[in-house]
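What follows is each chain in one-letter form.
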Amino acid sequence: MIEPVRPFRWDLVRPDHLGSLLDGVPEPGLWFLDDLADCAAKVLARSGDGELYFVGRSGDSVFDLLGGALPDPGRLHLLPLSTGLVGGLWGGLAATEVAQLRANLAAHGLAPDLLARGAKPIVLVDVVSSGRTFEQLLDILRDWAADERADWPAIRRRLRITGLTRRTHTSPNTRRWQQHTAWAHEVTIRNVSVEPTLFGYLADHQQKLTRSFGRFSWAAGDVRSPGHDHRTRRALAEAVAIVEAGRSPAVRAQLAHALSREPAIAEPWLRDLVRRLPLPRASPG
């Protein structure tokens, strides 16, 4: 048995173990909160009542906002994984690397036998440009299913992709990333267009709370330890503030309003979820 490795991340829904970590850290300004709430509502509404897996780190803030807002955040999962090119080479993984990667994915409930037996959709969420990360993750799961003789068609029907894309002016000639990928027909793909400034922040400029979890870190024990440097503490302060914002009546009301405008509001699961959002009570008149 190979012990899975998971990068350390504080549980921000129950942050009573932070101690004095945030002492002296400036209060973050959540200038992007309205756009983040709009994005989070669309991601949730388009999930088909599925389990949401936020791949990598770009969608961490969506995860944090929904974690604070939802009455039951158990449908939310972080999937720390970077499949990007390492030193210009992808593929040719050693058997030990493949085994470690599979152990890590299995710890998140993504082993082929579990995927083939489940009922609810498994929704992979990430900021997307070309879709390369999604392609590589599907390749990993497909090869793994083949090695274990798992029911890949059943797994494929359960898998879904939600791409967070940069919002642009739409036209008949608008390029959509999935139209240029040969594998896109294998799974259901939905996109959420993100306001450009927020997209750039999440994809390129935001200081992340955890290190990138690429090929040479999959078995690294030191990723299990928290960072205490100034940049990590500032990222932690922002993440904590986002969770707290998700708990606020104003943001929950904003989420409920955005969810009610989505076509999926016709489905019982989403109507029930909106009803269970703790919203501000009307003032007596």
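Residues numbered from 1 in each chain as written. Predicted model: local features only at pLDDT ≥ 70, side-chain atom pairs only at ≥ 80, totals over all residues. Heavy atoms only, no water.

Sorry if this is basic, but what is going on with the overall build of the protein chain here?
For the protein chain, the helix and strand inventory stands at 10 helices and 5 strands. Its C-alpha radius of gyration of 19 Å places the protein chain within 12% of the 19 Å reference for a compact globule of 285 residues. By principal-axis analysis of the C-alpha atoms, the protein chain measures approximately 65 × 45 × 35 Å. For the protein chain, the exposed area adds up to about 14200 Å²; of that, 51% sits on carbon and sulfur atoms. In the protein chain, the 36 positive side-chain charges and the 32 negative ones have mean positions that sit 4 Å from each other. (Helix = DSSP H or I, 4+ residues; strand = E, 2+ residues; numbered from the N terminus. Rg over C-alpha atoms; globule rule 2.2 N^0.38 Å. Areas by Shrake-Rupley, 256 points an atom, 1.4 Å probe, with all protein chains shown as cover. Lys, Arg positive; Asp, Glu negative; His and termini not counted. Charge placed at Lys NZ, Arg CZ, Asp CG, Glu CD.)

Would you mind going over the packing of aromatic side chains with me for this structure?
Each pair of aromatic rings is reported with the distance of its centres and the angle of its planes. One pass over the full model with this rule turns up 7 aromatic pairs. Between F8 and W10 the ring centres are 5.0 Å apart and the planes differ by 85°, which places this aromatic pair in the edge-to-face class. When its relative accessible area of 28% is taken as the criterion, F8 is described as partly exposed. Ring plane angle 40° and centroid distance 6.0 Å describe the contact between W177 and W183, whose orientation is recorded as tilted. Since its relative accessible area comes to 4%, W177 is described here as buried. Taken together through their ring pairs, the aromatic side chains of W31, F32 and Y201 make up a single cluster. (Phe/Tyr/Trp six-rings, centres within 6.5 Å; stacked < 30°, edge-to-face > 60°. Buried < 20%, exposed > 50% of the residue type's maximum accessible area, 1.4 Å probe, protein only.)

Sorry, what's going on with helix α3 (residues 95-107) here?
The end-to-end C-alpha distance of α3, which contains 13 residues, comes to 19 Å, matching closely the 18 Å that a straight helix rising 1.5 Å per residue would cover. Along α3, the residues classified as buried are E97, Q100, L101, R102, A103, N104 and L105. Buried-residue contacts for α3 involve β2 (76-79) and α5 (132-147). At the C-terminal side of α3, G109 shows a positive phi close to 80°. (Expected span 1.5 Å × (residues − 1). Contact = heavy atoms within 4.5 Å.)

Could you clarify how one ought to interpret the pairing of strand β4 (residues 159-166) in this entry?
For a regular strand, the rule is simple: side chains alternate between the two faces of the sheet. In terms of burial, β4 is a largely internal element, 6 of the 8 residues being buried. When β4 meets strand β5 (residues 188-194), the two strands line up parallel, connected through 7 bridges. In the sheet register, I161 faces β5, and the bridge partner there is I189. (Pairing = 2+ DSSP bridges.)

Explain the pattern of salt bridges to me, please; I cannot follow it from the model alone.
Two side chains bearing opposite charge may form a pair once their charged atoms approach each other closely. The final tally for this structure, using the stated rule, is 18 salt bridges. In this structure, the salt-bridge partner of D272 is R275, at a minimum N-O distance of 3.9 Å. With D272 and R275 both in helix α10 (residues 268-276) and 3 residues apart, the pair spans about one turn of that helix. Shared partners join several salt bridges into a network, and the residues in it are R9, D60 and D64. (Salt bridge = Lys/Arg side-chain N within 4 Å of Asp/Glu carboxyl O.)

Help me understand the packing of α3 against α5, please; the structure alone is not making it clear to me.
Describing two packed helices takes the angle between their axes plus the distance from one axis to the other. For the pair α3 and α5, the least separation of the axes is 12 Å and the interaxial angle reads 95°. Comparing their axes, α5 and α3 come out roughly perpendicular. From α3, L101, R102, L105 and A106 reach across to α5, where they touch I140, L141, D143, W144 and D147. Split into classes, the residues belonging to the contact of α3 with α5 amount to 6 nonpolar, no polar and 3 charged. (Axes fitted to C-alpha atoms, helices over the stretch in contact; angles between N-to-C directions. Parallel < 35°, antiparallel > 145°, perpendicular 65-115°, else oblique. Nonpolar A, V, L, I, M, F, W, Y, C, P; charged D, E, K, R; others polar.)

What should I look at first to understand the sheet that holds strand β3 (residues 122-127) in this one?
Strand pairing in a sheet relies on backbone hydrogen bonds, with the paired strands running either antiparallel or parallel. Spatially, β2-β1-β3-β4-β5 is the arrangement adopted by the 5 strands of the open sheet, whose pairing is parallel. The open sheet terminates on both sides in strands that have one partner only, identified here as β2 and β5. Geometrically, the sheet is characterised by an average inter-axis angle of 25° between neighbouring strands, direction not taken into account. Seen against the sheet, helix α1 (residues 33-45) touches β1 (51-55), β3, β4 and β5 and runs at an angle of roughly 170° to β5. Contacts between helix α2 (residues 60-69) and the sheet are confined to β1 and β2, with β2 contributing the most and set at about 155° to the helix.

Would you explain the environment of A219 in this entry?
Relative to the assigned elements, A219 resides in the loop between α7 (196-205) and α8 (230-247). A C-alpha to C-alpha distance of 23 Å links A219 and D229, two positions 10 residues apart in sequence. Other than its neighbours up to four places away in sequence, A219 contacts V5 and Q100.

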